[in-house]
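Listed here are the chains, written in short residue letters.
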Amino acid sequence: MKGLSQMAESRQKLDIVAPFFNEAQSASAFAALLDRLEEAVSSRFGMAVHKILVDDGSRDDGAGRFSQALSGSWEIVRLSRNFGKEVAVLAGLDQSRGDMVLIMDSDLQHSMDISLQMIAELVEHPDIDVVYAQNDRREASWRRSQLAKLFYSLINSSQRFDIPENAGDFRVMRGTVARALTSLRDKRRFNKGLFAWAGFRQKAIPYSPENRASGTSKWSRLNLLAFSLEGFTSFSVIPLRIISLSGMLAALAGVLYGAKVFFEVMFYGIAVPGYPSLMVAVVLLGGLNLTLLGLIGEYVWVTLSESKDRPVYIVRDVVRSDFSDGAPGASRG
Ligand code: UDP
Ligand code: MG
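Thresholds, definitions, all that
Residues numbered from 1 in each chain as written. Chains lettered and ligands numbered in written order. Predicted model: local features only at pLDDT ≥ 70, side-chain atom pairs only at ≥ 80, totals over all residues. Heavy atoms only, no water. Pairing = 2+ DSSP bridges. Helix = DSSP H or I, 4+ residues; strand = E, 2+ residues; numbered from the N terminus. Axes fitted to C-alpha atoms, helices over the stretch in contact; angles between N-to-C directions. Contact = heavy atoms within 4.5 Å. Salt bridge = Lys/Arg side-chain N within 4 Å of Asp/Glu carboxyl O. Buried < 20%, exposed > 50% of the residue type's maximum accessible area, 1.4 Å probe, protein only. Near = heavy atom within 4 Å. Polar contact = N/O pair within 3.5 Å; in protein donor to acceptor, adjacent residues only side chain to side chain. Areas by Shrake-Rupley, 256 points an atom, 1.4 Å probe, with all protein chains shown as cover. Nonpolar A, V, L, I, M, F, W, Y, C, P; charged D, E, K, R; others polar. Donors = N, O, S within 2.8 Å, 3.2 Å for Na, K, Ca; no water. pLDDT = per-residue confidence, 0-100. 1 Å grid on protein atoms, 1.4 Å probe; cavity = no way out; pocket = protein on both sides within 12 Å on 5 of 7 lines; lining within 4 Å. Points joined across faces, edges and corners; volume = space filled by probe spheres on them.

Participant: Please give an account of the sheet that holds strand S8 (residues 315-320) that cites residues and values.
Facilitator: Read across the open sheet, the eight strands follow the order S7-S5-S6-S4-S1-S2-S3-S8; overall the sheet is mixed. Since the sheet does not close on itself, it has two edges, and those belong to strand S7 (202-207) and S8, each with one partner. Pairs of neighbouring strands in the sheet enclose a mean axial angle of 20°, with direction left out of account. The pairing of strand S3 (residues 73-79) with S8 spans five bridges and is antiparallel. Within the sheet, the bridge partner assigned to Val77 lies in S8 and is Val318. Against the sheet, helix H2 (residues 27-45) makes contact with strand S1 (13-20), strand S2 (48-55) and strand S4 (100-103), and its axis sits at roughly 155° relative to S2, the strand it touches most. Those strands touched by helix H8 (residues 191-198) are S4, strand S6 (167-174) and S7, and its axis lies near 35° from that of S6.

Below, the structure written as structure tokens:
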């Protein structure tokens, strides 16, 4: 028995971090995918696999289903409520101790092939630290991809690091990178930005996500909009700068217009019709003012939530497999 555990210790370890929220329907299929992945990883790369699933406050019995379907070494971290995927990923990374960490969705949209391809890249190239899957967005509409382009070019202007387009959480990284990421304790998390901020040598692999096996995406249009705003308020001052610039331009226009009126009255005796121009000025400036206030509010809100210094998430309990390392016997706590 001792010999066996020593053997296990000398093998490189891969942690698979997968958050789930109301995915009970795909639990057994995902567990099966993890089994196949584990087998391939251990035969191709000789790595031991530990699975870290994060129950992001599911309202169905996903955790129960998973604990029945999973095999090998695993743990399920159950959060006290739904914190959102970005936070759930952090909760998983916090548990990870492996030499490499793979982050993937549990809705079967992230394929085993791409996962293996990414792991192979890391194994074969010691000079690369992170390999991420880049969604080639074949399914997205033209309008949506143009919007995404605009978003990334805005957020990446005047920045020392670039947030790559269409790069999500689906990625493999070395343990050092995972640990670096867990040291970033932003409460309002925009993972794409955090991954980029942390740096390291990153490489992209193109992929197109599978269709969802069951259920629906948790991202509505409104969610996406809020998320983009999150990206800006955590990683960019550009919106503030644009607004102050347009404020200055408006003020300049006001001065010029004032000068014109002044000269017309003084030298040509033209009585300037006041009402329309007043309305234009009032509405324009009022609108600008409100927009700016709202925007500043967003930044203040981020500052407020960071300064409250609450923990990023709260763990309800952790359910472990019988022989997951460090915790012999099914355990909770
Ligand atoms: N997810 C989560 N918490 C949430 C929403 C989603 O943990 O609040 C999980 C979800 O179960 C899935 C992954 O995050 O495994 C991606 O979610 P989804 O499929 O809704 O996003 P999409 O694939 O459309 O980007
Ligand atoms: Mg999905």
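Participant: Could you give an account of the pattern of salt bridges, with specific residues and numbers?
Facilitator: The tally for this structure, following the rule as stated, stands at 10 salt bridges. Among the salt bridges present, the one from Lys203 reaches Glu121, with a minimum N-O distance of 3.1 Å. Residue Lys203 is found in strand S7, and its partner Glu121 is found in helix H5 (residues 112-124); the two are separated by 82 residues along the sequence. The exposure class assigned to Lys203 is partly exposed, which follows from its relative accessible area of 30%. For Lys260, the salt bridge identified is with Glu264, shortest N-O distance 3.3 Å. In this pair, Lys260 and Glu264 both sit in helix H10 (residues 238-268), four residues apart, roughly one turn of the helix.

Participant: Break down the site of ligand 1 for me, with residues and values.
Facilitator: Around ligand 1, the structure places 16 residues, and the nearest of them are Glu23, Asp56, Asp107, Ser217 and Lys218. Contact between ligand 1 and Glu23: an oxygen atom at 2.6 Å from a side-chain N or O atom of the residue. The backbone of Ser106 places a nitrogen or oxygen atom 3.0 Å from an oxygen atom of ligand 1. Within the complex, 85% of the 530 Å² of free accessible area of ligand 1 lies under protein. When the residues that make up the shell around ligand 1 are grouped by side-chain class, the tally is four nonpolar, five polar and seven charged.

Participant: Give a description of the coordination of the magnesium ion (ligand 2) that names residues and reports values.
Facilitator: Around the magnesium ion (ligand 2), the donor atoms from the protein are Asp107 (OD) and Gln109 (OE1), and they sit 1.8 to 1.9 Å away. Exposure remark for Asp107: the relative accessible area of 5% places this residue in the buried category.

Participant: Please provide a residue-by-residue account of the confidence of the model for the chain, values included.
Facilitator: With 91% of its residues at a pLDDT of 70 or more, the chain has an overall mean of 84. Counted against residues more than four places away or in other chains, residues 326-333, with its pLDDT under 50, gives 18 contacts.

Participant: Provide a residue-level description of empty space enclosed by the protein, including the pertinent values.
Facilitator: Regions of empty space are outlined by a rolling probe, equal in size to a water molecule, passed over the atoms. Here the structure, examined in full by the defined rule, presents three cavities of 30 Å³ or more. Each pocket or cavity is described by its volume, and for the largest cavity that value is around 60 Å³. What lines the largest cavity is Glu86, Val89, Leu90, Leu93, Leu181, Arg189, Asn191, Leu194 and Phe195. Looking at the lining of the largest cavity, the elements with two or more residues in it are helix H4 (85-95) and H8. Among the elements that line the lining of the largest cavity, the one with the most residues is H4, at four residues. A breakdown of the residues in the lining of the largest cavity according to their chemical character gives six nonpolar, one polar and two charged. Around the second largest cavity sit Val130, Arg171, Met173, Val177, Leu181, Phe195, Ala198, Gly199, Phe200 and Gln202, which together line it.

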